[in-house]
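Overview (structure and organization)
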Amino acid sequence: MSSDEAQQAETGGEGEGRTVRVVLVDDHRMFRAGVQAEIGRTEVTRVEVVGEAADVDQAVTVITATRPEVVLLDVHLPGGGGVEVLRRSATMMADAERPVRFLALSVSDAAEDVIGVIRGGARGYVTKTITGADLVDAVFRVADGDAVFSPRLAGFVLDAFASTDAPPVDEDMDRLTQREREVLRLIARGYAYKEIAKQLFISVKTVESHVSAVLRKLQLSNRHELTRWAAARRLV
C-alpha cells in the first residue's frame, strides 16, 4: 500500500464530514503497524484506529471495549481464527443501533477461508495486496453496510452463495480439529515449535502432539511434506 494512494482518500466521497473508528486484528505486529501508518492518519483518511489485537481473546476484549464501526480481521489467528472472533462478536454485529461490522483482510484467498468468514458474518473480504486508498474506501463502504470484495474474489463468492450446495469439502482438512488446523498453518508459515506454542498459548509438547496427529491423519512423513501440502491448498 502506498502512502500517496491513501492520501488520495483525504476528503472525497463517503469519508467526507465523518470519521470511521476501526480496530485492527492481525497476529503480525509489523503488518498492524503498516496498516496503521497507511490508513490511521485521521486528519487525512478520516479513519481512526481505536485498538489493535493479535489473537482471538484480545480481539474480543478490544472490540467489546471500543465498539468500533469496522474491524479489519485477519483470517488466521491464534485461539481459533477469524471465524471464532466473528462467532463471539455475533451480538455486537446484530446490534441495530451500533453494529460492529467486519472486513476480512488476509493474505489468503483459499475457498474455505473466504466462505468461512462470510458465513460467519463478515461484510467483505480483501487481500493484503490492496492499496491504501482502496482499503480506506472499503472501510467506509463496510461502515455504511455495503459488501466489499477484492475483484478476483467477488465472482467466486457470488457463485458459492448462489448455489444451494455447500462449497466442496476438503476431506483431508475435515479430518483435522480446529487446533490442528491452526498448528498446520503455522508450521507451513515457517514457525518453530516454540513460536507456535507462544502464539497458541500451549506447551511445546502439545504442539509436537498436534503435529504428530496432523502428519498421521494426512499420511505425511515430515514437516517439509506438510508445508508442500499446505502450499498446494493455498493455506499459507
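For the structure, see preceding data.
In this report, we go over the structure that sits alongside the text. (Residues numbered from 1 in each chain as written. Predicted model: local features only at pLDDT ≥ 70, side-chain atom pairs only at ≥ 80, totals over all residues. Heavy atoms only, no water.)

**Some words on unusual backbone geometry**
Phi angles above zero are rare outside glycine, and Arg67 is one such case at about 45°. Of note in this structure, Gln219 is not a glycine but carries a positive phi near 60°. By the element assignment, Gln219 lies in the loop between helix H13 (204–218) and helix H14 (223–232). (Helix = DSSP H or I, 4+ residues; strand = E, 2+ residues; numbered from the N terminus.)

**Let's talk about the pattern of salt bridges**
Overall, the coordinates contain 12 salt bridges when judged by the stated rule. Between Asp144 and Arg18 there is a salt bridge, and its shortest N-O distance comes to 2.6 Å. Of the two residues, Asp144 is situated in the loop between helix H8 (132–143) and strand E6 (148–149) and Arg18 in the loop between helix H1 (3–7) and strand E1 (20–25); the sequence distance between them amounts to 126 residues. Assessed through its relative accessible area of 26%, Arg18 is described here as partly exposed. Here the residues in one salt-bridge network are Asp26, Asp74 and Lys128, joined through shared partners. (Salt bridge = Lys/Arg side-chain N within 4 Å of Asp/Glu carboxyl O. Buried < 20%, exposed > 50% of the residue type's maximum accessible area, 1.4 Å probe, protein only.)

**What to know about the packing of helix H2 (residues 29–39) against H8**
Between H2 and H8, the shortest axis-to-axis distance is 10 Å and the interhelical angle comes to 80°. As judged from the angle between their axes, H2 and H8 are roughly perpendicular. Of the residues in H8, those in contact with Val35, Glu38 and Ile39 of H2 are Gly132, Leu135 and Val136. Split by residue class, the contact of H2 with H8 holds 4 nonpolar, 1 polar and 1 charged. (Axes fitted to C-alpha atoms, helices over the stretch in contact; angles between N-to-C directions. Parallel < 35°, antiparallel > 145°, perpendicular 65-115°, else oblique. Contact = heavy atoms within 4.5 Å. Nonpolar A, V, L, I, M, F, W, Y, C, P; charged D, E, K, R; others polar.)

**As for the side chain of Asp55**
Note on placement: Asp55 falls in the loop between strand E2 (47–53) and helix H4 (56–66). The side chain of Asp55 sits in the buried core without any salt bridge; Arg88 is the nearest counter-charge, 7.7 Å away. Separated by 3.2 Å, the side chain of Asp55 and the backbone nitrogen of Asp57 make a polar contact. Among the polar contacts made by the side chain of Asp55, one reaches the main-chain amide nitrogen of Gln58 at a distance of 2.8 Å. (Lys, Arg positive; Asp, Glu negative; His and termini not counted. Polar contact = N/O pair within 3.5 Å; in protein donor to acceptor, adjacent residues only side chain to side chain.)

Nothing here speaks to function; it is geometry throughout.
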